[in-house]
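# Topology and contacts: notes
The residues making up each chain are set out below.
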Amino acid sequence: MKASSGHFVLKDEFEYKDMAKIFPEVLTTFLNETEQVPEDEDIMQMFIYLNMIELQNNSKPEGYNRKGRMRMVFPLDKKEFYIRGSAKSGEVVRVAEKLSKVLNKGGIKHELEWNTLSMLED
């Protein structure tokens, strides 16, 4: 299967602060799997810290929305986050499924959907 985006639709009872405990693992897994880990450890810690502040305040975090092979975005209008690659690929599917396992391990209930952005863009 190939996909350009993988969407983690969070259940209604979810609050962003629920993700605080597991988020460092979600972000580091995402960056490791997409080979986007910053060379400087301080930059990595800054990404985690800035996202954690938002989560601890029960707000949507930034995720990782920088130029690169893949992005992790928390849209303003939905209780979800998604990863998006530059084109349909098996890599998006592989990374999304790996992140889904991390979320499940952390007790974050969600559904994984594919290519929702593609439908909106058509």
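Now for a description of the structure that goes with this document. Every chain is numbered on its own, with residues counted from 1 as its sequence reads. Since the coordinates come from a predicted model, pLDDT governs what is reported: local features require at least 70, and pairs of side-chain atoms require 80 or more to be given and counted, while whole-chain, interface and lining totals use all residues. The side-chain quantities take in all heavy atoms of the structure and omit both hydrogens and water.

## A short note on the overall build of the protein chain
As a reminder, the rule being used: Numbered from the N terminus, helices here are DSSP runs of H or I no shorter than four residues, and strands are runs of E no shorter than two. Based on C-alpha atoms, the radius of gyration is set beside the globule rule, defined as 2.2 Å times the residue count to the power 0.38. The contact criterion used is simple: two residues touch if any of their non-hydrogen atoms lie within 4.5 Å. Working convention for charge: Lys and Arg count positive, Asp and Glu count negative, and His plus the chain ends are omitted. The atom standing in for a charge is NZ when the residue is Lys, CZ when it is Arg, CG when it is Asp and CD when it is Glu.
Broken down by element type, the protein chain carries four helices and five strands. Scanning the protein chain from its N terminus toward the C terminus, one meets helices and strands in the order β-α-α-β-β-β-α-β-α. A compact globule built from 122 residues would reach a C-alpha radius of gyration of about 14 Å, and the protein chain, at 14 Å, matches this within 12%. If one aligns the C-alpha atoms of the protein chain with their principal axes, the spans along those axes are about 35 × 35 × 25 Å. Of the contacts formed within the protein chain by residues at least 6 apart in sequence, a portion of 68% connects residues at least 24 apart. With 18 positive and 21 negative side-chain charges, the protein chain shows a separation of 3 Å between the mean positions of the two kinds.

## With respect to the pairing of strand E1 (residues 3-10)
Filter applied, for reference: When accessible area is computed with a 1.4 Å probe and restricted to protein chains, residues below 20% of their type maximum are described as buried, those above 50% as exposed, and intermediate ones as partly exposed. Strands qualify as paired when DSSP identifies two bridges or more between them.
Of all eight residues that make up E1, seven are buried, and the element is covered over most of its length. Examined bridge by bridge, E1 and strand E4 (residues 80-89) share six bridges and lie antiparallel to one another. For Ala3, the partnering residue across the bridge sits in E4 and is Ser89.

By themselves, these observations are geometric and do not establish any function.
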